[in-house]
Amino acid sequence: GDVEEEKSKPVASNSHPAAAGKETPRNQNLRMELKRKLEQALQLQVEVERARVQALQSNKLQKASGGSGPNVTKHPKSPPIQSPKVVPSGISKADSLDERSVVVSNMDFSVTPQMVMAHFRSCGTVVSAHRQLSPPWPPGTFIVHLGDKEVAKRAKGLHLSQFFNRSLQVVMKADSAHLLKAAALPPAVHPPGVKSTPTVRPFASRVT
């Protein structure tokens, strides 16, 4: 009779409730947390993509409108600041460059601009001297820039002065145009038997 009573007692099950298909509260919480994080990641990806598309559209609008966006305010460009020209002392502002310059020809080829400036310094302020190396100026010609036209007139007084064993020919720069034309005239053609008179060349380079 005791054996039958032991057999009739229910046998206790050692299996976990999860084995019967039930989910513990802890697992439920983990699954919900994972789902929430996944949704946040997807939402963030959507927002990033939307921002990228908006940036591309904004760039297209700027290029179509000439590079300025709708909220960009164009400011007028201010003119460049120009520093005032400083005129060295002793140089006249009223006289033009030609009025205060002289043309000096028949110079020796070994003469330097510094030598020419020293030769005319007795007349007043000498700004610069430049050798003319190309036509229409003949060889051995300098242009000397002086302080004003009064100094230039005094420099013209050195016409036929001796310099390196040569007689200098000095004219005002403003008067040199017609002299250059006269110097460039071709020699006159005379009939046979008629003696020609020598033509005086204003800028002829000759040693005297």
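Please refer to the structure placed before this passage.
Student: How should the overall build of the chain be read in this particular structure?
Tutor: Along its length, the chain carries five helices and six strands. Along its sequence from the N terminus, the chain presents helices and strands in the succession α-α-β-α-β-β-α-β-β-β-α. With 208 residues in all, the chain has 24% of them scored as buried. For the chain, long-range pairs separated by at least 24 residues make up 64% of all intrachain contacts whose partners lie at least 6 apart in sequence.

Student: Which parts of the structure should I look at to understand helix H3 (residues 113–120)?
Tutor: For an α-helix, the turn length of 3.6 residues means that residues three or four places apart are oriented alike. Turning to H3, its buried residues number three or more, namely Val 116, Met 117, His 119 and Phe 120. Buried residues of H3 fall within an arc of 160° about the axis and therefore sit on the same side. Buried residues along H3 sit in contact with strand S1 (101–105), strand S2 (126–132), strand S3 (141–146), helix H4 (149–156), strand S4 (162–163) and strand S6 (169–172).

Student: Would you take a moment to explain the side chain of Ser 176 for this structure?
Tutor: Within the secondary structure layout, Ser 176 lies in helix H5 (residues 176–183). Overall, the relative accessible area of 3% leaves Ser 176 in the buried class. A polar atom in the side chain of Ser 176 sits 2.7 Å from the backbone oxygen of Lys 173.

Student: Looking at this structure, I do not really get the packing of aromatic side chains. What am I missing?
Tutor: Within a pair of aromatic rings, the relevant descriptors are the distance that separates the centres and the angle that separates the planes. Counted according to the given criterion, the structure contains one aromatic pair. Both rings, one in Phe 163 and one in Phe 164, keep their centres 5.1 Å apart while their planes meet at 65°; by these two values the pair is edge-to-face. By relative accessible area, which is 41% here, Phe 164 ends up partly exposed. Taking NZ or CZ as reference, Arg 166 lies 5.9 Å from the ring centre of Phe 109, over its face.

Student: Just checking my understanding: could you explain the environment of Asn 165 for this structure?
Tutor: With respect to the secondary-structure elements, Asn 165 resides in the loop between S4 and strand S5 (166–167). Of the residues examined, Asn 165 reaches a relative accessible area of 65% and is grouped as exposed. Taking the C-alpha atoms as reference points, Asn 165 and Asp 108, separated by 57 residues in sequence, lie 8.5 Å from one another.

Student: Would you mind showing me how to read the sheet that holds S6 here?
Tutor: Paired through their backbone hydrogen bonds, the strands of a sheet run either parallel or antiparallel. Spatial strand order, S2-S3-S1-S6: four strands in an open sheet with antiparallel pairing. Two strands lie at the open edges of the sheet, namely S2 and S6, each paired on one side alone. The mean inter-strand angle of the sheet, taken between neighbouring strand axes irrespective of direction, is 20°. Sheet topology places S1 next to S6; four bridges connect them, and they run antiparallel. Bridge pairing links Ser 105 to Gln 169 in S6. Taken strand by strand, H4 contacts S1, S3 and S6, and its axis lies near 150° from that of S6.

Here is what the cut-offs are and how they apply
- Residues numbered from 1 in each chain as written.
- Predicted model: local features only at pLDDT ≥ 70, side-chain atom pairs only at ≥ 80, totals over all residues.
- Heavy atoms only, no water.
- Helix = DSSP H or I, 4+ residues; strand = E, 2+ residues; numbered from the N terminus.
- Buried < 20%, exposed > 50% of the residue type's maximum accessible area, 1.4 Å probe, protein only.
- Contact = heavy atoms within 4.5 Å.
- Arc of directions from axis to C-beta.
- Polar contact = N/O pair within 3.5 Å; in protein donor to acceptor, adjacent residues only side chain to side chain.
- Phe/Tyr/Trp six-rings, centres within 6.5 Å; stacked < 30°, edge-to-face > 60°.
- Lys NZ or Arg CZ within 6 Å of the ring centre and 35° of its normal.
- Pairing = 2+ DSSP bridges.
- Axes fitted to C-alpha atoms, helices over the stretch in contact; angles between N-to-C directions.

Don't take any of this as a statement about function, it's just geometry.
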